[in-house]
Amino acid sequence: MLDTIVHPVDSIPEGQGSLLVEEIKISPAGSAGGTAVVLAKLGAHIQSVGAVGNDTAGPLLKQLLAAEGVDVTHLRETELPTSASVLPIRSDGSRPALHVVGANAFAADEVPWDAVEASDHVHIGAPELLGPENVTEILQRAREHGATTSLDFLVGGDPAFAPLILPLLPYTDYVLPNAEQAIGWTESATLHVAARALGAAGARCVAITNGGDDIVVFEDGAVIEVPIFKAEVVDTSGGGDAFSAGFILAKLRGRNSQEAARFGSATAAQVVAGVGTDHGDYTEESITALLNETQR
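What comes next concerns the included structure. These numbers were taken from a predicted model, which means no experiment stands behind them. (Residues numbered from 1 in each chain as written. Predicted model: local features only at pLDDT ≥ 70, side-chain atom pairs only at ≥ 80, totals over all residues. Heavy atoms only, no water.)

## Overview of the environment of T56
Item 1. Along the chain, T56 turns up in the loop between β3 (50–53) and α2 (57–67).
Item 2. On the basis of relative accessible area, T56 is assigned to the exposed category, the value being 71%.
Item 3. In sequence terms T56 and R262 are 206 residues apart; their C-alpha atoms lie 38 Å from each other. (Helix = DSSP H or I, 4+ residues; strand = E, 2+ residues; numbered from the N terminus. Buried < 20%, exposed > 50% of the residue type's maximum accessible area, 1.4 Å probe, protein only.)

## Points about the side chain of T82
Item 1. In this structure, T82 sits in the loop between β4 (75–78) and β5 (84–88).
Item 2. Residue T82 is classed as buried on the basis of its relative accessible area of 5%.
Item 3. Polar side-chain contacts of T82 include one of 2.7 Å to the side chain of D55.
Item 4. Leaving out residues up to four positions away in the same chain, T82 has contacts with V52, G53, D55, A57, G58 and L61. (Polar contact = N/O pair within 3.5 Å; in protein donor to acceptor, adjacent residues only side chain to side chain. Contact = heavy atoms within 4.5 Å.)

## Digging into the pattern of salt bridges
Item 1. A full pass over the atoms with the stated rule returns eight salt bridges.
Item 2. Between R141 and E117 there is a salt bridge, with the nearest N and O atoms lying 2.8 Å from each other. Of this pair, R141 sits in helix α4 (residues 132–144) while E117 sits in helix α3 (residues 113–118); the two residues are 24 residues apart in sequence, bridging distant segments of the chain.
Item 3. The closest approach of N and O atoms between R253 and E284, which form a salt bridge, is 2.9 Å. In this pair, R253 sits in the loop between α8 (239–252) and α9 (257–271) while E284 sits in helix α10 (residues 284–294), placing the two residues 31 residues apart along the sequence.
Item 4. Look at E284 and you get buried, because its relative accessible area is 11%.
Item 5. Ionic contacts of the salt-bridge type, sharing partners, join the residues R76, D109 and E110 into one network. (Salt bridge = Lys/Arg side-chain N within 4 Å of Asp/Glu carboxyl O.)

These figures come from the coordinates and say nothing about function on their own.
Right under this line is the structure:
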């Protein structure tokens, strides 16, 4: 999706009033697009698959993704508008979101199976929008050809969304929700209980982010808490996508899930320090060095 980010916005003027802000920025984003951007910055070869509109925003979004090193060959155009959000970022970095689903509703209609089968990893953003049968088919095909898989989500924690999400978990290696989503879908009292419930539903590994609190990881029947990498927060809108990207890359590099969660957190810390998912000048090597320095 294409984000228009306004910072800072602590109140909306009444009527036709106006407000002077420090920055308005357009950024490629989303639980697929944002993760793609950060993975590309970390040095991975990324193909972005999905749909954009044949409006003004569609070519712009493809241009912004390509500028970050993302292969946009498989982003096709549709008659629906490009998926987009407007994010008024508060001074503390939090934000509400105004969102148009748009072309993302058609993202799974045409899947480049050759690309899926040739991938080391397949990450699906917002699978709840694509239909359980479509997502299951993609995940199964990826695994049959040796790829690992992961899911990140867009909708909130309403328990009504659980039937769109829980059936996908047996086909997924890494499930990457936030705390509100995990607790809501499983109707659990704590994050530990929620993590176990997602594991019981079939996920091999669950890593739950919780804002400024520890990351909760479930794997092999055990739940652990991983301290977050402390960050100077300006804009939290790309933090979850950046965490997913760092976690995925670290797992592909053979790190265990605790190390991957820490690497994901350190990656997110680079992104939330500025405005937009594309913020930051970092590499896999620079984040690894940063982690090694803090562990001394």
